[in-house]
Amino acid sequence: EAGVTQFPSHSVIEKGQTVTLRCDPISGHDNLYWYRRVMGKEIKFLLHFVKESKQDESGMPNNRFLAERTGGTYSTLKVQPAELEDSGVYFCASSLQMGQQQFFGPGTRLTVL
Amino acid sequence: GQNIDQPTEMTATEGAIVQINCTYQTSGFNGLFWYQQHAGEAPTFLSYNVLDGLEEKGRFSSFLSRSKGYSYLLLKELQMKDSASYLCAVRSSNDYKLSFGAGTTVTVRA
């Protein structure tokens, strides 16, 4: 069974540009989570989807971040416009049901210059 | 909110035992997880504690004391491949998001 996959693995963009990160959860997992780790800090929660609905988006830093999960399968996280402080590693995780083990993807390393 | 502390780095010798401590202060508690993460890879699940006591899984064991807000991960018979970052994460009782510590980098030396 394939694990959680994320694309791209690395992205380098300039300040002010737009970047879209993609996450494909494990097939059948209704719950999808986005986290990020900025340099030197801990991994922090961004938001949680249950199918196509946003269950909790309390961790989204500001309105430059937009997450979608149309159709309840893969999810995208768009940053527009990107700022220097957005640099970090963005992780996606999925779980079959809420409260069950979350399986993580390898992350997308975003560098904003 | 959550406040989770764990040591930044630990070094040990191949074949030895290392104990990674994690203390937490939370507004609600619904389980503590340990993840292993090799550089550039996904965090992978190691253990889960929700009740007090010791959970053993092969060379890895995890302990929890809810009254003390304390957990540890014990790695026995260390191997070179155990060199990695170990993440302590607490799940809130109000929702299901994980709050992570900054991670402990373990280096195993021959």
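These lines cover the structure that appears in this document, whether it is placed above or below. Since this is a predicted model, take the numbers as computed values, not measurements.

### Let's talk about the side chain of Gln102 of chain A
- If you trace the backbone, Gln102 of chain A turns up in the loop between β9 (88–95) and β10 (103–104).
- In terms of polar contacts, Gln102 of chain A uses its side chain to reach the backbone carbonyl oxygen of Tyr96 of chain B, at 3.1 Å.
- Contact partners of Gln102 of chain A, with chain neighbours within four places excluded, come to Tyr33, Tyr35, Ala93, Ser94 and Ser95 of chain A together with Tyr35, Tyr96 and Leu98 of chain B.

### With respect to the pairing of strand β4 (residues 31–37) of chain A
Residue and element names in this part refer to chain A.
- Across the seven residues of β4, six count as buried, placing the element largely inside the fold.
- For β4 and strand β5 (residues 43–50), the ladder comprises seven bridges, and the chain directions are antiparallel. Its bridge partner lying in β5, Asn31 is registered against Val50.
- Hairpin connection from β4 to β5: five residues lie between these consecutive antiparallel strands, with Gly40 at a positive phi of about 75°.
- Strand direction decides the pairing type here: β4 and β9, joined by seven bridges, are antiparallel. Paired with Tyr35 across the strands is Phe91, a residue of β9.

### Brief notes about the sheet that holds strand β1 (residues 5–7) of chain A
All names here are of chain A.
- Across the sheet, four strands lie side by side as β1-β3-β8-β7; this open sheet has antiparallel pairing. Lying at the two open borders of the sheet, with one neighbouring strand each, are β1 and β7 (65–68). Put simply, the sheet's adjacent strands are angled 15° from each other on average, direction ignored.
- In this structure, β1 lies alongside strand β3 (residues 19–24), joined through three bridges in antiparallel fashion. Following the sheet pairing, Thr5 is matched in β3 by Asp24.

The rules behind these values
Sequence order as written defines the numbering, with residues in each chain counted from 1. Labels follow written order: the first chain is A, the first ligand is 1, and so on. With the structure being a predicted model, the display of local features is reserved for residues of pLDDT at least 70 and the display and counting of side-chain atom pairs for 80 or more, all residues being used for whole-chain, interface and lining totals. Water and hydrogen atoms play no part in the side-chain values, which are based on all heavy atoms of the structure. The numbering of helices and of strands both runs from the N terminus, where a helix is a DSSP run of H or I of at least 4 residues and a strand a run of E of at least 2. Pairing of N or O atoms within 3.5 Å defines a polar contact, subject to two protein rules: one partner must be a possible hydrogen donor and the other a possible acceptor, and residues neighboring in sequence count only if both atoms are side-chain atoms. Every residue pair with non-hydrogen atoms within 4.5 Å of one another is taken to be in contact. Using a 1.4 Å probe on the protein chains alone, a residue whose accessible area is under 20% of its type maximum counts as buried, one over 50% counts as exposed, and one in between counts as partly exposed. By this definition, two strands are paired if DSSP reports at least two bridges between them. For helices, the fitted axis covers only the stretch in contact; all axes are lines through C-alpha atoms, and the angles between them, taken along N-to-C directions, range from 0 to 180 degrees.

The quantities given are spatial measurements derived from coordinates; they are silent on function.
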